Amino acid sequence: MPELPEVETVRQGLNQVTLNQAVMGGEVLLNRTLAYPFSVDEFLQNLTGIAIAQWHRRGKYLLAELVKLDLEKNPGGWLGVHLRMTGQLLWVDQEDPLQKHTRIRLFFAKNRELRFVDQRTFGQMWWVPPDQKISNIITGLNNLGPEPFAAEFSVDYLQDQFKKRQRPIKSALLDQKLVAGVGNIYADEALFLSGISPTTPCTSLTRLQLEALRSHIIQVLEKSIQAGGTTIRNFLNVQGINGNYGGAAWVYNRTGEPCRICETPIERLKLAGRSAHFCPQCQGEGNREWGITNYELRMGNREIR
DNA sequence: CCTGCCACCTGCGGGC
DNA sequence: TGCCCGCAGGTGGCAG
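Residues numbered from 1 in each chain as written. Chains lettered and ligands numbered in written order. Predicted model: local features only at pLDDT ≥ 70, side-chain atom pairs only at ≥ 80, totals over all residues. Heavy atoms only, no water.

Under an unreviewed UniProt entry, the name given to chain A is Formamidopyrimidine-DNA glycosylase, and the organism recorded is Planktothrix mougeotii LEGE 06226. Quoted straight from UniProt, the Subunit (unreviewed entry) entry for chain A says "Monomer." According to the UniProt record, the Sequence similarities (unreviewed entry) comment for chain A is "Belongs to the FPG family." (UniProt positions renumbered as here; feature names shortened; annotations may be inferred.)

The structure is reproduced here in structure tokens:
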């Protein structure tokens, strides 16, 4: 389900409904969804009597800052969640019928519940003790590059990273160590908007292309956050509502359909084990000189289908 | 070190 | 109708 915009949409929703309410207990229906601690009892005991002070996001990870509900309001550690392919966090009533793929339930005051539903079971949850470094428990956090909206994610940074990388740019964009949060949909979309073929070796990208790519990654992620995430397949926000980006995809999941700019059929090939969707015309070899300015010009001259 | 490949799961849609 | 294949938002481990 989720790339950065979907995770960010879930985070914002969780901050509206789950904060400062007592956790009364919970239920783990699938043990391996719990990544840490290994003991279900230890997990539930440590969450009982705490509240969530704030939800944060790092890449595609959701991190809830916990506070104990004692007089001192001591730190209660962290609750980490990764939705992987099909995870959903839903804010429901405890009486609501269980979804088929319900994995973990956290019971809150007033009969409310934070329910983790995950068809393919890749999703994971961690409880991080207050005295532990978060990345020691959620080790995937050590493999994350800069957030796409951070100043660190600059053209200079990309140029430096790509100096001697021979692999295709599409593979690089899916690597969370290069930039955190970009996944298959937005990688394809950003490459299309930048006029870059997904197979282009990183080393051969021009400065102009890197400028276009950086700004279109940011643009496509921001637009999707504003739309509440993509509609593709089973993405739902905490209220169980679909996002609104998918209908507007330029190339993702559009194999064989006409390019919205030039009407050439969208093609698909396999890269890094994932589908790459692209327009062979707009992202062809002759487009090396395109940058933001040329792209905007091109957009202005064409009727969008 | 860098890169690609595969596994981890469940379900769905298309072809025969 | 049913079986088999390929495919699906991600990532981590392993081999070359």
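Now, onward.
Every buried residue of helix α2 (residues 40-47) is listed here: Phe43, Leu44 and Leu47. One face of α2 carries all of its buried residues, which in axial projection span an arc of 90°. Residues of α2 that are exposed and point more than 90 degrees away from the buried face comprise Asp41 and Gln45. Its side-chain oxygen placed 3.4 Å from the backbone nitrogen of aspartate 41, serine 39 serves as the N-cap of α2. At the exit of α2 stands glycine 49, carrying a positive phi of roughly 90°. (Buried < 20%, exposed > 50% of the residue type's maximum accessible area, 1.4 Å probe, protein only. Helix = DSSP H or I, 4+ residues; strand = E, 2+ residues; numbered from the N terminus. Arc of directions from axis to C-beta. Polar contact = N/O pair within 3.5 Å; in protein donor to acceptor, adjacent residues only side chain to side chain.)

This part covers the nonpolar core. Counting residues in each nonpolar core, the largest one holds 38 residues, and the members touching the most others are Phe162, Ile169, Leu173, Leu178, Phe192, Leu213 and Ile217. Secondary structure elements with two or more residues in this core: α4 (155-162), α5 (169-174), α6 (184-193) and α7 (207-227). Ranked by residues supplied to this core, first place goes to α6 with seven residues. In contact with leucine 178, other than residues within four places in its own chain, are Gly145, Pro146, Tyr157, Leu158, Gln161, Phe162, Ala172 and Leu173. Within the second largest apolar cluster, 28 residues are counted, among which are Ala64, Leu83, Leu106 and Leu114. (Core = buried A, V, L, I, M, F, W, Y, C linked by side-chain atoms within 4.5 Å. Contact = heavy atoms within 4.5 Å.)

Here the focus is the sheet that holds strand β8 (residues 112-118). Across the sheet, four strands lie side by side as β1-β7-β8-β6; this open sheet has antiparallel pairing. A single partner strand is all that each edge strand has here, and the edge strands are β1 (23-28) and β6 (87-93). Ignoring strand direction, the axes of neighbouring strands in this sheet form an average angle of 15°. Here seven bridges tie β6 to β8, and the two strands are oriented antiparallel to one another. Bridge pairing in β8 links tryptophan 91 to leucine 114. (Pairing = 2+ DSSP bridges. Axes fitted to C-alpha atoms, helices over the stretch in contact; angles between N-to-C directions.)

Following tyrosine 36, the chain continues into proline 37 via a peptide bond in cis, with omega recorded as -10°. Relative to the elements of secondary structure, proline 37 occurs in the loop between β2 (34-36) and α2. One non-glycine residue, lysine 110, lies in the positive phi region at around 60°. Tracing the backbone shows lysine 110 in the loop between β7 (102-108) and β8.

Inspection of the entire model under this criterion finds five aromatic pairs. Seen in terms of ring centroids, tryptophan 91 and phenylalanine 108 are 5.1 Å apart; in terms of plane orientation they differ by 75°. Their pairing is edge-to-face. Of this pair, tryptophan 91 sits in strand β6 while phenylalanine 108 sits in strand β7, and the two are 17 residues apart along the sequence. Given the relative accessible area of 7%, tryptophan 91 is considered buried. According to the relative accessible area criterion, phenylalanine 108 is buried, its value standing at 1%. (Phe/Tyr/Trp six-rings, centres within 6.5 Å; stacked < 30°, edge-to-face > 60°.)

Here the UniProt-annotated "binding site: DNA" (unreviewed entry) positions come out as His101, Arg120 and Arg165. Sequence-wise these annotated residues cover 65 residues; spatially they are dispersed, their C-alpha atoms as much as 40.5 Å apart. Within the secondary structure layout, arginine 120 lies in the loop between β8 and β9 (124-128). Once you skip the residues sitting within four places of it in the chain, arginine 120 turns out to touch Met85 and Thr86. Mapped onto the fold, arginine 165 is located in the loop between α4 and α5. By relative accessible area, which is 36% here, arginine 165 ends up partly exposed.

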